[in-house]
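# Examination of the molecular architecture
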Amino acid sequence: MAHATPQGVKLLNGFKRPGRFDKGLGAQLPEAYKKFWREWKLTKPAAVHYIPKESEWERDEVTNAIKPVQSIPFPLIDTPESHQGIWGGEAVIKGFQKRHPTKRRVPHFWVPTLRRSVVHSQVLNEYMSVVVTERTLEQIHECHGFDHYLLKNLACDLRSALALKLKRKILKSLQMGCPALTAEPNHQSEVLKEYSPYLASYTSEEIDWYGHTYLEAIRKLQIQLRAAEKVVPHKVEFRSKLIERLREAGIAEAGKKDPRDSVSPGDHSDADIDALTKLESSTPSSSWLSKINPFGKKET
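Residues numbered from 1 in each chain as written. Predicted model: local features only at pLDDT ≥ 70, side-chain atom pairs only at ≥ 80, totals over all residues. Heavy atoms only, no water.

Broken down by element type, the protein chain carries 10 helices and seven strands. Looking at the 300 residues of the protein chain, the share that counts as buried comes to 33%. Taking the intrachain contacts of the protein chain between residues at least 6 apart in sequence as the baseline, contacts between residues at least 24 apart amount to 51%. Carbon and sulfur atoms provide 55% of the accessible area of the protein chain, an area that totals close to 21,100 Å². (Helix = DSSP H or I, 4+ residues; strand = E, 2+ residues; numbered from the N terminus. Buried < 20%, exposed > 50% of the residue type's maximum accessible area, 1.4 Å probe, protein only. Contact = heavy atoms within 4.5 Å. Areas by Shrake-Rupley, 256 points an atom, 1.4 Å probe, with all protein chains shown as cover.)

The structure is reproduced here in structure tokens:
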């Protein structure tokens, strides 16, 4: 049966729907971005809204029955506002709440307590005002600095797009030698000595693609593809071919090509354009080109 299907042996385990990295521009994304995407979306984050239990079995306190432990993480909702701040792994939780014993339960959203605070980055030498939670501030103090907090935690624990962009900016600054601290050489050397070990986990390509959303990565790939393959307009290409044919035919108005100028089909000098303009603006009696031009002025 497997040999009679287009998918072959792959169909025996069920039909697999193509993912975002299996078709289109997503398949052309480099492996560096796919590694970041796995770290951000597919890696299991640290438990924030529940306390995981290490044991596999537990005894019920009322019935004394042995039952398996189910440490299932809560489904979290990442709102657009969460990507504009740094919430420390927290998010919005949707559930139900029974507010009265005789009434039905109602939907409820649990939102973390937010506050605006100022954080300082030693690598970037900047103070930033961001929206954070109490857990974010606690983790920054535990990691002994805002830079250490971003560089130590994985993308799945940071969750925020703003935190990931700042992490990419810090890694690039460390890669270039902290240009923001060039005025203080002693402090610059101390910062590089403290934060440079974090660069061992990333390559230059991984740093360049780190922290981008899927749409941002697609736009970046499109810019690179357009820069690699520049499209020459057909009117420029056809104009160059016409001037070359006129020169081969010995038309005086087309001018002579200088053998020292090696011009590619995509590059055209102003002399070629002037030569063609001179041909088009010549009188009908002196140019045969005006006789076949359907848009030219005819003598009455």
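Back to the text.
Among the nonpolar cores identified, the biggest contains 42 residues, and Leu29, Tyr33, Phe146, Tyr149 and Leu150 are the most heavily contacted of them. The element best represented in this core is helix 5 (residues 161-175), accounting for six residues. Leu150 has contacts with Leu158, Ala163, Leu166, Lys167 and Ile170, leaving out every residue within four places of it along the chain. (Core = buried A, V, L, I, M, F, W, Y, C linked by side-chain atoms within 4.5 Å.)

Our next topic: the pairing of strand 4 (residues 92-97). For a regular strand, the rule is simple: side chains alternate between the two faces of the sheet. As defined by bridge partners, strand 3 (residues 76-77) adjoins strand 4 across two bridges and the pair is classed as antiparallel. By the bridge assignment for strand 4, Ile77 is matched with Val92. (Pairing = 2+ DSSP bridges.)

A word on the environment of Val111. Structurally, Val111 is set in the loop between strand 5 (106-110) and strand 6 (114-121). Sequence separation of Val111 and Ile93 is 18 residues, and the distance between their C-alpha atoms is 6.8 Å.

What follows is about the packing of aromatic side chains. By the definition in use, this model includes 12 aromatic pairs. With a centroid separation of 5.6 Å and an interplanar angle of 80°, the aromatic rings of Tyr202 and Tyr210 are classed as edge-to-face. Per residue, the accessibility class of Tyr202 equals that of Tyr210, and both read buried. One aromatic cluster is present, formed by Phe21, Tyr33, Phe36, Trp37, Trp40, Tyr202, Trp209, Tyr210 and Tyr214 through successive ring pairs. Geometry around Phe96 places Arg105 over its ring, the cationic atom sitting 4.1 Å from the centre. One Lys or Arg, Lys220, reaches over the ring of Trp209 and ends 4.6 Å from the middle of that ring. (Phe/Tyr/Trp six-rings, centres within 6.5 Å; stacked < 30°, edge-to-face > 60°. Lys NZ or Arg CZ within 6 Å of the ring centre and 35° of its normal.)

Another point: the sheet that holds strand 4. Within a beta sheet, neighbouring strands are joined by backbone hydrogen bonds and run either parallel or antiparallel to one another. What the three strands build is an open sheet, ordered 3-4-5; its pairing is antiparallel. A single partner strand is all that each edge strand has here, and the edge strands are strand 3 and strand 5.

On the surface, Ile77, Phe109 and Val111 cluster together into a nonpolar patch covering about 270 Å² of accessible area. Since its relative accessible area comes to 53%, Val111 is described here as exposed. (Patch = residues over 30% accessible without salt bridge, like charges linked within 9 Å, V, L, I, M, F, W, Y side chains within 5 Å. Salt bridge = Lys/Arg side-chain N within 4 Å of Asp/Glu carboxyl O.)

A word on unusual backbone geometry. Phi at Asn125 is positive, roughly 60°, even though this residue is not glycine. Looking at the element boundaries, Asn125 is found in the loop between strand 6 and strand 7 (126-133). The partly exposed category is assigned to Asn125, whose relative accessible area is 42%. Its identity as a non-glycine residue notwithstanding, Arg159 has a phi of 65°, on the positive side. When you line up the elements, Arg159 lands in the loop between helix 4 (155-158) and helix 5. Arg159 gets classed as buried once you look at its relative accessible area, which sits at 18%.

With that out of the way, let us pick up the pattern of salt bridges. One pass over the full model with this rule turns up 12 salt bridges. Here Arg159 makes a salt bridge to Asp78, at a shortest N to O gap of 2.7 Å. Here Asp78 lies in the loop between strand 3 and strand 4 and Arg159 lies in the loop between helix 4 and helix 5, a separation of 81 residues in the sequence. Judged by its relative accessible area of 33%, Asp78 is partly exposed.

Let us now look at the environment of Asp78. The spacing of Asp78 and Arg159 is 81 residues in sequence and 8.4 Å in space, taken between C-alpha atoms. When sequence neighbours within four positions are dropped, the list of residues in contact with Asp78 reads His83, Ala91 and Arg159. At 2.7 Å, the side chain of Asp78 forms a polar contact with the side chain of Arg159. (Polar contact = N/O pair within 3.5 Å; in protein donor to acceptor, adjacent residues only side chain to side chain.)

Bringing helix 1 (residues 31-42) into the picture now. For an α-helix the count is 3.6 residues per turn, leaving residues at separations of three or four pointing the same way. Listed as buried for helix 1 are Ala32, Tyr33, Lys34, Phe36, Trp37, Glu39 and Trp40. Looking at the buried side of helix 1, the elements it contacts are helix 4, helix 5, helix 7 (204-209) and helix 8 (214-228).

Along helix 2 (residues 134-142), the residues that are buried comprise Thr136, Leu137, Gln139 and Ile140. Along the axis of helix 2, the buried positions cluster into a sector of 165°, meaning they face one direction only. Every exposed residue of helix 2 that faces more than 90 degrees away from the buried side is listed here: His141 and Glu142. Tucked into the core, helix 2 has its buried residues touching strand 6, strand 7 and helix 3 (146-152). Of the residues trailing helix 2, His144 is marked for its positive phi of about 65°. (Arc of directions from axis to C-beta.)

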